[in-house]
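Residue strings, one per chain:
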Amino acid sequence: MEAVLVHLRGAIERGDYAIGDKLPSEAELCRTLEISRPVLREALQTMGLTVSKTGKGTFVVANAVEDPTFGDYAASDLLEVRRHVEIPVAGYAALRRTPENLDHLAHLLDRMERETDTTAWVAMDTLFHLAVAEAAQNPVFRRVIEEIRDALARQSAFLNELGGRREQSNREHRAIVEALIDGSEPDAVEAMSHHLDRVETTLTDIVRPARTDTPTEGGPEA
């Protein structure tokens, strides 16, 4: 994923490929980047810079990554819904959680903190957010998280591969669980808000990295 993002985004943003240009074949790109076709296709879909036309190839349709796509959902749409759902859900969970909910979350968090494999960690990450929804004791909340579960997993993998989010996420998850254990609605809401803020910040840093160009003497400032 990182190889595709760095190589292709750089080439497109530099103008090596203009809007409307056809990219090299999948086979050629896979050889160049030393990746598999599924990884290539996932990265291209996520970046939203290209569109594939059956029998014709893959063409550039934008020159900058604006809003990555995870499965069926744009990142901005996903985050908007998560803020409106998961933040109040954390508050309800702090008030309604059962001892069984807390045991499940604590066990899951312990496993996540020991896990070193990204794929396994991502799977548990989605389970964690489902478990918080379950602790709110409203089946509709769980159904909403289930609906976006695939997108959550894709986003989590993207942030971990390109943003190194795993350890930070573990700390944020720990703060959420501690708030639920304390039964503190304000702390739970704050902890989940902070978690989603950090998700957004990391995503923004990946998609729109800070420019490192230094202005030339006498030229306009960046």
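Within every chain, residues take consecutive numbers counted from 1 along the sequence as written. Local features in this predicted model are restricted to residues of pLDDT 70 or higher, and side-chain atom pairs are both shown and tallied only at a pLDDT of 80 or more, whereas totals for entire chains, interfaces and linings draw on every residue. For the side-chain quantities, the full set of heavy atoms in the structure was used; hydrogens and water were omitted.

1. A few points about the confidence of the model for the chain
Put simply, the chain has an average pLDDT of 87, and 93% of its residues get 70 or more. The model gives residues 211-222 a pLDDT under 50, and that stretch makes 3 contacts with residues more than four places away or in other chains. Known as pLDDT, the predictor's per-residue confidence is scaled from 0 to 100. Contact criterion: two residues are considered in contact whenever any of their non-hydrogen atoms come within 4.5 Å of each other.

2. A look at the pairing of strand S1 (residues 50-53)
Any two strands with at least two DSSP-identified bridges between them are counted as paired. Every helix listed is a DSSP run of H or I at least four residues long, and every strand listed is a run of E at least two residues long, numbered separately from the N terminus. With 4 bridges joining them, S1 and strand S2 (residues 57-60) adopt antiparallel strand pairing. Note that in S2 the partner of Lys53 across the bridge is Gly57. Taking the residues between adjacent antiparallel strands as the criterion, S1 and S2 are bridged by 3 residues, where Gly55 takes a positive phi near 80 degrees.

3. A short note on the layout of surface pockets
Any empty space left between the atoms is revealed when a probe the size of a water molecule rolls over them. Of the voids in this model, the second largest pocket is the one considered here, and its volume is about 160 Å³. Only protein atoms enter the 1 Å grid, on which a cavity is a set of points fitting a 1.4 Å probe that cannot get out and a pocket is an open set with protein on both sides within 12 Å along at least 5 of 7 lines, lining residues being those with an atom within 4 Å of a point. Glu66, Asp67, Pro68, Ala75, Ser76, Leu79, Glu200, Leu203, Thr204, Val207 and Arg208 together form the lining of the second largest pocket. Within the residue set of the lining of the second largest pocket, elements represented by two or more residues are helix H4 (75-96) and helix H10 (185-207). Per-element tally for the lining of the second largest pocket: the top contributor is H10, with 4 residues. Split by residue class, the lining of the second largest pocket holds 5 nonpolar, 2 polar and 4 charged. Grid points are joined across faces, edges and corners, and a volume is the space filled by probe spheres set on the points. Polar here means any residue outside two lists: the nonpolar Ala, Val, Leu, Ile, Met, Phe, Trp, Tyr, Cys and Pro, and the charged Asp, Glu, Lys and Arg; Gly therefore counts as polar.

4. Comments concerning empty space enclosed by the protein
Inspection of every chain in the model, using the stated rule, returns 2 cavities of 30 Å³ or more. Space inside the largest cavity adds up to approximately 130 Å³. Residue lining of the largest cavity: 14 residues in total, with Arg82, Asp125, Ser156, His195 and Val199 positioned closest to the centre. Top contributing element to the lining of the largest cavity by residue count: helix H8 (residues 149-163), with 5 residues. Considering only residue class, the lining of the largest cavity consists of 4 nonpolar, 7 polar and 3 charged. Looking at the second largest cavity, its volume works out to about 40 Å³. Around the second largest cavity, the lining residues are Val85, Glu86, Val89, His129, Val132, Ala133, Ile145 and Met192. At the level of elements, H4 and helix H6 (118-135) are the ones that each hand at least two residues to the lining of the second largest cavity. When grouped by side-chain class, the residues that make up the lining of the second largest cavity number 6 nonpolar, 1 polar and 1 charged.

5. Some details on the side chain of His195
Within the fold, His195 resides in helix H10. Residues contacting His195, with those up to four places away along its chain left out, are Arg82, His129, Arg165, Ser169, Glu172, His173 and Ile176.

6. A look at the nonpolar core
Nonpolar cores are built from buried Ala, Val, Leu, Ile, Met, Phe, Trp, Tyr and Cys residues. Side-chain atoms within 4.5 Å join them into one set. Remark: exposure states derive from per-residue accessible area (1.4 Å probe, protein chains only) relative to the maximum for the residue type, with buried under 20%, exposed over 50%, and partly exposed in between. With 64 residues, the main nonpolar core has Val4, Leu8, Met47, Phe128, Val132 and Leu180 as its most contacted residues. Apart from residues lying up to four places away in sequence, Phe128 is in contact with Leu105, Leu108, Met112, His173, Ile176 and Val177.

7. Observations concerning the packing of H6 against helix H9 (residues 166-182)
Taken N-terminus to C-terminus, the directions of H6 and H9 make an angle of 20 degrees; their axes are 12 Å apart at the nearest point. When the interaxial angle is binned, H6 and H9 end up roughly parallel. Of the two elements, H6 crosses H9, and the hand of that crossing is left-handed. Across the interface between the two elements, Thr118, Trp121, Asp125, Phe128, His129 and Val132 from H6 touch Arg166, Ser169, Asn170, His173, Ile176 and Val177 from H9. Across the contact of H6 with H9, the residue classes tally to 5 nonpolar, 5 polar and 2 charged. Here the axes come from fitting lines to C-alpha atoms, over the contacting stretch only for helices, and the angles between their N-to-C directions go from 0 to 180 degrees. For this classification, under 35 degrees means roughly parallel, over 145 means roughly antiparallel, 65 to 115 means roughly perpendicular, and everything else is oblique. If you view the pair so one helix is near and one far, a crossing is left-handed when the near helix is turned anticlockwise from the far one by less than a right angle, and right-handed when it is turned clockwise.

8. Quick word on helix H5 (residues 99-114)
Taking 1.5 Å per residue as the helical rise, H5 with its 16 residues ought to reach 22 Å, and the 23 Å between its terminal C-alpha atoms agrees with that figure. The inward-facing, buried residues of H5 abut H6 and H9. For a helix, the expected span equals 1.5 Å multiplied by the number of residues minus one.

9. Some remarks on a negative patch on the surface
Residues enter patches when their relative accessible area tops 30% and they take part in no salt bridge; the joining distance is 9 Å for like charges and 5 Å for the nonpolar side chains Val, Leu, Ile, Met, Phe, Trp and Tyr. Calculation of accessible area relied on Shrake-Rupley with a 1.4 Å probe; when residues are assessed, cover is drawn exclusively from the protein chains displayed. When a carboxyl oxygen of Asp or Glu is within 4 Å of a side-chain nitrogen of Lys or Arg, the pair counts as a salt bridge. Charge assignment: positive for Lys and Arg, negative for Asp and Glu; neither His nor the chain ends contribute. Taken as the charge centre is NZ of Lys, CZ of Arg, CG of Asp or CD of Glu, depending on the residue. A cluster of acidic residues, Glu178, Asp182, Asp187 and Glu190, forms a negative patch at the surface. Among the elements of the structure, H9 and H10 are those that each provide at least two residues to the negative patch. For Asp187, the location among the structural elements is in helix H10. Given the relative accessible area of 39%, Asp187 is considered partly exposed.

10. Comments concerning the pattern of salt bridges
By the definition in use, this model includes 14 salt bridges. One salt bridge connects Asp16 with Arg14, and the closest N-O pair in it is separated by 2.8 Å. Judged by its relative accessible area of 47%, Asp16 is partly exposed. The exposed category is assigned to Arg14, whose relative accessible area is 59%. Across the pair Asp197 and Arg83 runs a salt bridge, and its minimum N-O distance is 2.9 Å. Of this pair, Asp197 sits in helix H10 while Arg83 sits in helix H4; the two residues are 114 residues apart in sequence, bridging distant segments of the chain. Asp197 gets classed as partly exposed once you look at its relative accessible area, which sits at 34%. One connected set of salt bridges, linked through shared partners, spans Glu134, Arg142, Glu146 and Arg149.

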